[in-house]
Amino acid sequence: MESVQSQRISGDPNAIHAPYLIQRSWERCARQSGDLHTDPIMLSGGDLKERLVRHTALLQAARPEIEILAGMVANTDGIVLLTDDNGVILQSLGDTGFLQRAEQVALRPGVSWAEDHRGTNAIGTALIEGTSVRVHGGEHFLQRNRILSCHGAPVRSPQGDILGVLDISCDAGKLHAYALKLAAMFARQVTNRMLDQAGRGYDTLVFHRQASSLDSIERAQLLLNDGHIVGANDAAIAMLGATWQHLLNQPLDAWMHADWRQAGNLPVSIDTSTGAAVVVRLHRKSAPSIAAPARPDASEASGKRADALHTPPATHGPDAQAPAMLPEPAPELRGEFERTLKAFDGGLAVLIQGPTGSGKEVYARRLHARCARSGKPFVAINCGALPESLIEAELFGYAPGAYTGANRHGSLGRLREAHGGVLFLDEIGDMPLPLQTRLLRVLQEREIRPLGSDKAVAVDFLLISATNQDLDSLLRQGQFRSDLFYRLQDQRVQLQPLAMRQDLPGFLCTEFNRLGALEKSLTLSDDACRSLAAYAWPGNYRELQSVLRALVIHSAAGSLLQVSDLPEHLQAPHASGATGETPAMRGSHTSLRDIDEQHIRRTLHRSNGNISETARLLGIHRSTLHRRLKRLS
C-alpha cells in the first residue's frame with residue numbers, strides 16, 4: 001500500500017486522496033472479513049421503490065448535478081452514482097458501455113455498497129469517514145472490485161447528517177486525477193441545494209471572506225429561526241471553526257457581531273467570533289405561500305349560485321377531500337377494488353368492514369371518485385354520532401312546522417341530499433332497530449316520506465355502508481335485522497389493519513411525503529422507518545397520520561430523522577441507538593446487528609420460513625442470518 005500521507009487535489013480543500021483512510025478501512029475489513037459478502041445484497045423492486053420514495057428530496061436536489069456530471073464523465077467511460085445514507089445505490093447515470101461492465105460488480109441501483117457489505121470502496125468508506133475518498137484499483141479490499149477507480153463525496157443535511165454519497169466510478173485503467181475534485185465539488189452543490197430547499201420559511205444568512213464569493217459554491221450558509229441557527233453547510237462550519245453539534249440551536253450573536261441583524265440584500269462587513277472579517281448578506285423569510293382556489297368569474301359564480309338552489313351539496317362537513325389527496329389503497333386491495341367498483345357502478349350495495357381507523361371512509365371516497373356518479377353528491381352519515389331523538393329528521397327530512405323548534409322552511413334530509421349521487425352510512429352497526437326498519441323500506445321502495453308529510457318523494461342513490469362491528473354476531477344476537485343486512489352486502493369488502501399492509505414501509509414514506517415532509521426536505525432513516533413499520537398501529541391510518549403530521553411539524557427542515565426523533569412508544573428496542581454509532585457509521589448490515597429476536601422471527605414467519613427471502617427483507621446475507629438463527633435456537 002501507499003505511504004500514509006494525504007495527497008491534496010488542487011482547487012478544492014475537501015478533495016483529498018488520503019491513503020491513511022484506505023489503511024483504516026482495510027483494518028476494519030480485516031476484522032470482519034468473514035462477514036463480507038461475495039454476492040451483492042440486492043433490494044427487491046418494491047424495497048428499492050420504497051427507498052426512492054423516502055429519499056425523494058435528495059433525488060430532486062441531486063438531479064441537476066447528476067445530469068451535468070454524467071455528461072462530463074460519459075466521454076471518459078465514467079458513471080455517476082447517488083446512494084442513500086446506508087450506501088444503497090439509488091441512481092446511476094453515465095457512459096452506457098461502462099454501465100454494462102459495472103453490472104458485473106453489482107454497481108447498480110438497489111445494491112448496498114456499505115463497507116461491511118462490499119469492503120473498502122469509495123461509497124462505504126466515505127460514509128464511515130465522513131469525508132471525500134478515492135479508492136483506486138488494488139485499494140479495494142475485495143478482489144472482484146479492483147477493476148474500479150471510485151471517487152465518493154458525502155452529501156449532508158442542514159443538521160450535518162450524511163444523507164448519501166455522490167460517486168464517480170470508472171475503469172481502474174483510466175485514473176482521472178480530477179474525478180475526486182469533481183465529486184467533492186458537486187456533492188457540496190447538492191448539499192447547498194438541500195439547504196436552499198429546507199430554508200423555505202427561515203431567514204438565510206450567506207457569508208464569505210470575499211464579497212465576490214457570496215453567490216459561489218464556496219459560500220457559507222446558515223438557516224436562522226428567530227436569530228438562532230437551525231441549519232448550516234460545511235463551508236459555514238469551517239469558517240466559524242465549529243461543529244454542527246456546537247452550532248445548531250445556538251444564537252447567531254454568539255458567533256457573529258450583532259451587526260449581522262442590519263444586513264439585507266446589500267452585503268455588510270462584520271467580524272466573527274474567531275476575529276475573522278466576513279461579508280454577510282441576509283435573506284429574510286417570506287410569508288408562506290398557500291395555494292388559493294381559483295376564483296370563478298362573475299358569470300360563472302352567479303351560475304353556480306343558481307345551481308346551488310336546485311342541487312344538494314356534493315360533500316358535507318370536513319371530509320371534502322380531493323381524490324388525489326387520499327392515501328392509495330394497499331396493493332393487495334387494488335384488484336379487489338376494481339371488482340368492487342364494477343359491482344358498485346352496476347347498482348350493487350357495498351358493505352365495508354374493518355377495524356376503527358382502517359380507512360373505510362377513504363375506501364368509500366375512492367369508490368365515489370372513480371364511479372360513474374363521481375360528479376354527483378357524496379353524502380356521509382355517521383350513524384353512531386346522530387342523537388337518537390333527531391336521527392329520523394336528520395335522515396328523512398321534515399315538512400315545514402313538523403315539530404317545535406324545527407326550521408320553518410323544513411329540511412330535505414340527508415337521504416334526499418344524496419339523490420343522484422352516493423350515500424355513505426358509516427357505523428351502520430350502531431343504527432337503532434326502529435330506524436333499520438325505515439331504512440329497509442327506503443331501500444326497497446326507493447322513496448322517502450319526510451316527517452310531518454304524507455307525500456312520498458323518490459330518491460335515487462348508490463349505497464355504501466361501513467362498520468367496525470361484527471354484523472354476523474349482531475344478527476345472531478337480534479341486534480341487527482337480517483333483511484336489512486342482506487340489502488347492504490351485495491359486495492363485501494374486508495379491510496385489514498394498517499400493520500398488515502404488505503407495502504407498509506413504502507406506504508409510510510409516501511404518506512410522510514404527502515403530509516408535508518417533502519416540502520421541508522425531511523427524510524426517515526432506515527432505523528426510524530423500521531421502527532414505524534414494526535409498530536402495531538392500533539389506531540390504524542388515523543393514528544399514523546397523526547404521528548406523521550406531528551413529526552413534520554416538530555422536525556427542523558432538512559432533517560434526517562432518527563429513532564430518537566419518534567414518539568417514545570414508537571422507538572423499537574433494536575433501533576434505540578445504544579451502540580453509540582452515528583448514522584454515517586451504520587450501514588444497513590451493522591444497524592441490523594441489534595435487531596431483537598421478535599423482529600427476526602416475525603420476518604421469518606412473514607417469509608413462510610424462506611431463509612433467502614428473510615435475509616433479503618432484513619438486508620443481511622444468508623450466512624449471517626443462519627448464524628443469528630443458531631444463537632436464537
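Residues numbered from 1 in each chain as written. Predicted model: local features only at pLDDT ≥ 70, side-chain atom pairs only at ≥ 80, totals over all residues. Heavy atoms only, no water.

A closer look at the sheet that holds strand β9 (residues 220–225)
Move 1: Pairing within the open sheet is antiparallel, and its 5 strands lie in the order β10-β9-β8-β12-β11. Strands at the two margins of the open sheet, each flanked by one partner only, are β10 (228–232) and β11 (268–271). Strand after strand, the sheet turns through a mean of 40 degrees between neighbouring axes, direction not considered.
Move 2: With 5 bridges joining them, strand β8 (residues 203–208) and β9 adopt antiparallel strand pairing. Bridge assignment links Phe 207 to a residue of β9, and that residue is Ala 220.
Move 3: This element, helix α7 (residues 179–198), spans β9 and β10 of the sheet and lies at about 20 degrees to β9. (Pairing = 2+ DSSP bridges. Helix = DSSP H or I, 4+ residues; strand = E, 2+ residues; numbered from the N terminus. Axes fitted to C-alpha atoms, helices over the stretch in contact; angles between N-to-C directions. Contact = heavy atoms within 4.5 Å.)

Brief notes about the nonpolar core
Move 1: Of all hydrophobic cores here, the largest spans 30 residues; its most connected members are Leu 395, Leu 423, Leu 425, Ile 428, Phe 461, Leu 463 and Phe 480.
Move 2: At the level of secondary structure, the elements contributing two or more residues to this core comprise β14 (378–382), α13 (391–396), β15 (422–426), α15 (433–445), α16 (471–476) and α17 (482–488).
Move 3: Tallying contributions element by element places α15 first for this core, with 5 residues.
Move 4: Dropping the residues within four chain positions of it, Leu 423 is found in contact with Val 379, Ile 381, Leu 415, Ala 418, Phe 461, Leu 462, Leu 463 and Ile 464.
Move 5: Listed in part, the 26 residues of the second largest apolar core include Leu 58, Leu 82, Leu 163 and Met 194. (Core = buried A, V, L, I, M, F, W, Y, C linked by side-chain atoms within 4.5 Å. Buried < 20%, exposed > 50% of the residue type's maximum accessible area, 1.4 Å probe, protein only.)

With respect to empty space enclosed by the protein
In this approach a probe as big as a water molecule rolls over the atoms, and the regions it shows empty are the leftover space.
Move 1: Applying the stated criterion to the full structure yields 2 cavities of 30 Å³ or more.
Move 2: Within this model, the second largest cavity holds a volume of roughly 30 Å³.
Move 3: Val 73, Thr 76, Gly 78, Ile 168, Cys 170, His 176, Tyr 178 and Ala 179 are the residues that line the second largest cavity.
Move 4: The residue inventory of the lining of the second largest cavity, partitioned by class, reads 5 nonpolar, 3 polar and no charged. (1 Å grid on protein atoms, 1.4 Å probe; cavity = no way out; pocket = protein on both sides within 12 Å on 5 of 7 lines; lining within 4 Å. Points joined across faces, edges and corners; volume = space filled by probe spheres on them. Nonpolar A, V, L, I, M, F, W, Y, C, P; charged D, E, K, R; others polar.)

Some thoughts on the pattern of salt bridges
Move 1: All chains considered together, the criterion is met by 23 salt bridges.
Move 2: In this structure, Glu 338 and Arg 370 form a salt bridge, with 3.1 Å as the shortest nitrogen-oxygen distance. Of this pair, Glu 338 sits in helix α11 (residues 331–345) while Arg 370 sits in helix α12 (residues 360–370), and the two are 32 residues apart along the sequence.
Move 3: On the basis of relative accessible area, Glu 338 is assigned to the partly exposed category, the value being 39%.
Move 4: A salt bridge links Asp 472 to Arg 492; the nearest nitrogen and oxygen atoms lie 3.5 Å apart. You can see Asp 472 sitting in helix α16 and its partner Arg 492 sitting in strand β19 (residues 491–494), a full 20 residues away along the chain. (Salt bridge = Lys/Arg side-chain N within 4 Å of Asp/Glu carboxyl O.)

Notes on the pairing of strand β6 (residues 148–156)
Move 1: A large share of β6 lies buried, amounting to 9 of its 9 residues.
Move 2: The side-chain alternation of β6 yields two buried faces, one formed by Leu 148, Cys 150, Gly 152, Pro 154 and Arg 156 and the other by Ser 149, His 151, Ala 153 and Val 155.
Move 3: Bridging between strand β5 (residues 133–136) and β6 involves 4 bridges; their strand directions are antiparallel. By the bridge assignment, Val 133 is partnered in β6 with Gly 152.
Move 4: Two elements, β6 and strand β7 (residues 162–171), share 9 bridges in a ladder whose sense is antiparallel. Looking at β7, one finds that Gly 152 is bridged to Asp 167.
Move 5: What sits between the antiparallel neighbours β6 and β7 is a turn of 5 residues, in which Gly 160 has the positive phi angle 90 degrees.

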